[in-house]
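Residue-level listing of the chains:
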Amino acid sequence: MNRVRAITLNTFKEAVRDRILYAILAFAIAMICSTFILATIGVGSGPKIIRDLGLGFISIFGALIAVFIGIGLVHKEIDRRTIYTIVSKPIHRFEFILGKYLGLILTLLVNVTIMTWALMGLIFLGEGFWDFRLFAASGMILLELMVVTGIAVLFSSFSTPALSAIFTLSFFAIGRLLDDLRLFGEQYAGPVGRAMIRTFYYLLPNLGRFNVNAEVVHGIPLGEVVSGMTILYGSLYVVALLALTSLIFQNRDFR
Amino acid sequence: MKVKKISVLWASLFSLALVGSVLAARGLEGRGGASRIADDSLYLPSATFLRYASLGYRTMLADLMWIRATQYFGSQLEVRKATPEKHRFLYPLLDLAVSLDPHFMNAYRFGGLLLTVVKRYEQAIALYEKGYAANPDRWENPHDLGRLYYLELKDHEKALHWWGIANRLPGRPDYIPRFVPLLYLETGQREIAVELWLEMYRATDNEWLRGVIEGHLQKLGVQVP
C-alpha cells in the first residue's frame, strides 16, 4: 500500500508541475466566468445558463485534463526509460498502474473542486447563495472522468500518446452517445443489428449515465438518476479497465 | 544589444500587423456581396442532428439556441416592413432550444410570448403544447395557453379547457381558481360557475376574496349562504 501511495503522490506532484495543467485550468476558469456575460443576454434564463455552461465546461476541461495527462502517464515512463528503474524494484506492475491512475485521479479531484468552487462563487456573486447541489453534478463528472482516465491509462500502456489521445477521445464521444445509439438501433436496425448494438451498449462505457447536469440545473430530484447502482457501475468499469491495463502491462517485455 | 534590437523589430512588426488587421476588419464591415448569406438561420440544423452533435452537452446547446432566438427576435425588430418572412426563424430556433432541453420552462414561456407578440399564434400554441407534453406536472404551459386563447384568440372554451388543467396542477397562481368560474359563466355554463364560486366561498377565510365572490354571485342573483 505504501508503494502505491508513493507512486500516487509522485504522479500527483509530477502532474501539478505540468504547465499544460495550469493552462487548461486557467482557461476553464476563464470560460466559467465568461458564462456571466452570456447570462446577461439570456432574457430571464441567466441562472440556468450559468449553471449549464459552467457544469459543461467543468466536464469538457476535466476530460481534456484526463486525456492529455492520462495518455502520457505510462508512455512517458517508457519513453524516458525510467520504467527500467521502477520495474527492477520490488514492486508489482499492477501497483505501478494503480499508483499512476490514482495520482491522476487526485489531480482531477483537485481541479474539478477548484472549477466547481469557481462556478459556485460566480453564482454566489450573482444570486447571493451557495448552490451546493452543484457538487452532486461535479461528483458525477468526476466519476465520468475516472472512467475516461482509466481508458486513457489503458491505451497509454501499449500505444503512443497521439494514438492514445485519438482512441480515448473516440471512446469519450461514443460513451456519451451510447444511449442515443441504442435508441437508434432499436428504431432502425434489424434483429442482428439490434443484438450487435445491444452488445456494444453493455460493453462500452456508458458515460451518459454520469451526466446529471440537467437534473441539477432544473432542480429535478436526483434519486432516480444518481443511485448506488450508477456509482457501482462506474467503479466496476474502472476496476475492469485497470485489470486489463495491468494484464497488458504485465506481459510487456522491458529489456 | 543585437538581441534587443531584434526584439524591438518583432514587437513593432506585431503591433503594425495587429493595427493593420483591425483596420482591414473595420473596412470589411458591412460589405456583403451576392455570395454572402444574409441570414445564417437558413442553415439551422435539425434537433436530431444536434442531439448527436452535442455529445450529451444538450442543455448547453439549448441555452445557446435560446440566446440566438432572442437575438434573432431583436434583429427582426429592426426590419420595419411586415412580410411573411419576418420572424420566420423564431419558432424553429425556439423549437430547437426546447427539443434539446425539454425542461427549459423559460424558453416555452417567454418564447411563446415572443411568438404571440409577433402574432404567430399557431406556433405559440405548438410551443406551449410541446411544453405541456414534456412537463405535464407544471402549470405554466397550460396557464399560458389559456391566456393566449382568452386574450388573443377570444376562444373562451379552449381558454377554459387549459385553465382548468392549470388549476389542477401544484404551484399554480392564486388567481386561476377565480378566473375559472368566470370562464364557465362566459361560456354559458352558469350552474358550474355558481357551484365553483360557492365552493370557493365556503373554503376561504379571506375577507377580500369572499367579497369578490359575493359580488359575482349577487350579479347572478344568487344568495350567499
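Criteria and thresholds
- Residues numbered from 1 in each chain as written.
- Chains lettered and ligands numbered in written order.
- Predicted model: local features only at pLDDT ≥ 70, side-chain atom pairs only at ≥ 80, totals over all residues.
- Heavy atoms only, no water.
- Salt bridge = Lys/Arg side-chain N within 4 Å of Asp/Glu carboxyl O.
- Helix = DSSP H or I, 4+ residues; strand = E, 2+ residues; numbered from the N terminus.
- Buried < 20%, exposed > 50% of the residue type's maximum accessible area, 1.4 Å probe, protein only.
- pLDDT = per-residue confidence, 0-100.
- Contact = heavy atoms within 4.5 Å.
- Buried area = accessible area lost by both parts, 1.4 Å probe.
- Polar contact = N/O pair within 3.5 Å; in protein donor to acceptor, adjacent residues only side chain to side chain.
- Nonpolar A, V, L, I, M, F, W, Y, C, P; charged D, E, K, R; others polar.
- Core = buried A, V, L, I, M, F, W, Y, C linked by side-chain atoms within 4.5 Å.
- Phe/Tyr/Trp six-rings, centres within 6.5 Å; stacked < 30°, edge-to-face > 60°.
- Lys NZ or Arg CZ within 6 Å of the ring centre and 35° of its normal.
- Patch = residues over 30% accessible without salt bridge, like charges linked within 9 Å, V, L, I, M, F, W, Y side chains within 5 Å.
- Areas by Shrake-Rupley, 256 points an atom, 1.4 Å probe, with all protein chains shown as cover.

**Student:** Which parts of the structure should I look at to understand the pattern of salt bridges?
**Tutor:** It is possible for side chains of opposite charge to pair when their charged atoms get near one another. All names here are of chain B. One pass over the structure, following the stated rule, counts 17 salt bridges over all chains. A salt bridge links R109 to D144; the nearest nitrogen and oxygen atoms lie 2.8 Å apart. Placement of the pair is R109 in helix α5 (residues 105-117) and D144 in helix α7 (residues 140-152), with a sequence separation of 35 residues. D144 gets classed as buried once you look at its relative accessible area, which sits at 1%.

**Student:** Can you help me understand the confidence of the model for chain B in this one?
**Tutor:** In regions of low pLDDT, the predicted coordinates are not meant to be interpreted in detail. Residue and element names in this part refer to chain B. Per-residue confidence for chain B gives a mean pLDDT of 84, with 91% of residues at or over 70. Across chain B, element-level confidence peaks in helix α6 (residues 121-134) with a mean pLDDT of 95 and bottoms out in helix α10 (residues 190-203) with 79. Predicted confidence for residues 33-37 stays below pLDDT 50, and this span has two contacts to residues more than four positions away or in other chains. If you check the scores for this complex, the pTM reads 0.80 and the ipTM reads 0.81.

**Student:** What should I look at first to understand the interface of chain B and chain A in this one?
**Tutor:** Size of an interface: often given as the accessible area lost when the parts come together. The interface is formed by 19 residues belonging to chain B together with 24 residues belonging to chain A. Between chain B and chain A the total buried area reaches about 1900 Å² when both faces are included, carbon and sulfur atoms providing 62% of it. Looking at the side of chain B facing chain A, the largest losses of area belong to Y52, Y57 and M60 of chain B, adding up to 31% of the total buried there. Here D101 of chain B makes a salt bridge to K48 of chain A, at a shortest N to O gap of 2.9 Å. Between the two partners, chain B and chain A, sit 11 residue pairs in polar contact (both at pLDDT 80 or more). Sort the elements by how many residues they give to the side of chain B that touches chain A and helix α3 (residues 58-77) of chain B lands first, with nine residues. Here the residues of the side of chain B that touches chain A sort into nine nonpolar, six polar and four charged.

**Student:** Just checking my understanding: could you explain the confidence of the model for chain A for this structure?
**Tutor:** Mean pLDDT over chain A: 88, with 99% of residues reaching 70 or higher. Within chain A, no element has a lower average pLDDT than helix α5 (residues 83-87) of chain A, which sits at 81, and none a higher one than helix α7 (residues 134-156) of chain A, at 93.

**Student:** Is there a simple way to think about the nonpolar core in this case?
**Tutor:** Burial of nonpolar side chains together is a common tendency in soluble globular proteins. In this structure, L55, I58, L108, L119, V147 and F249 of chain A together with L90 of chain B are the most contacted members of the largest nonpolar core, which totals 113 residues. Ranked by the residues each element gives to this core, the list is headed by α7 of chain A, at 14 residues. Residues contacting L108 of chain A, with those up to four places away along its chain left out, are G62, I65, A66, L142, L145 and T149 of chain A. Counting residues in hydrophobic clusters, the runner-up holds 10 residues, among them V194, W197, M200 and I213 of chain B.

**Student:** Help me understand the environment of I6 of chain B in this model?
**Tutor:** Residue and element names in this part refer to chain B. As for its position among the elements, I6 is in helix α1 (residues 2-28). In this structure I6 comes out as partly exposed when scored by relative accessible area, which is 41%. C-alpha of I6 to C-alpha of L64: the two residues are 58 residues apart in sequence and 45 Å apart in space.

**Student:** Can you help me understand the packing of aromatic side chains in this one?
**Tutor:** What describes a pair of aromatic rings is the distance from one ring centre to the other and the angle between the planes of the rings. Scanning all chains against the criterion turns up 19 aromatic pairs over all chains. With centroids separated by 6.0 Å and ring planes inclined at 25 degrees, the aromatic side chains of F210 of chain A and Y233 of chain A adopt a geometry described as stacked. Within this pair, whereas F210 of chain A is found in the loop between α9 (191-203) and α10 (213-218), its partner Y233 of chain A is found in helix α11 (residues 228-250), the two being separated by 23 residues in sequence. Here F210 of chain A falls in the buried class, since its relative accessible area comes to 1%. On the basis of relative accessible area, Y233 of chain A is assigned to the partly exposed category, the value being 26%. With a centroid separation of 6.1 Å and an interplanar angle of 70 degrees, the aromatic rings of Y72 of chain B and F89 of chain B are classed as edge-to-face. Of this pair, Y72 of chain B sits in helix α3 while F89 of chain B sits in the loop between α3 and α4 (90-100), and the two are 17 residues apart along the sequence. In this pair, the class of Y72 of chain B matches that of F89 of chain B, namely buried. Taking NZ or CZ as reference, R182 of chain A lies 4.5 Å from the ring centre of Y201 of chain A, over its face.

**Student:** Explain a nonpolar patch on the surface to me, please; I cannot follow it from the model alone.
**Tutor:** All names here are of chain A. Residues W117, F124, L125, W130 and F132 make up a contiguous nonpolar surface patch of roughly 570 Å² in combined accessible area. Looking at where F124 falls in the secondary structure, it is placed in helix α6 (residues 93-127). Residue F124 is classed as partly exposed on the basis of its relative accessible area, which comes to 33%.

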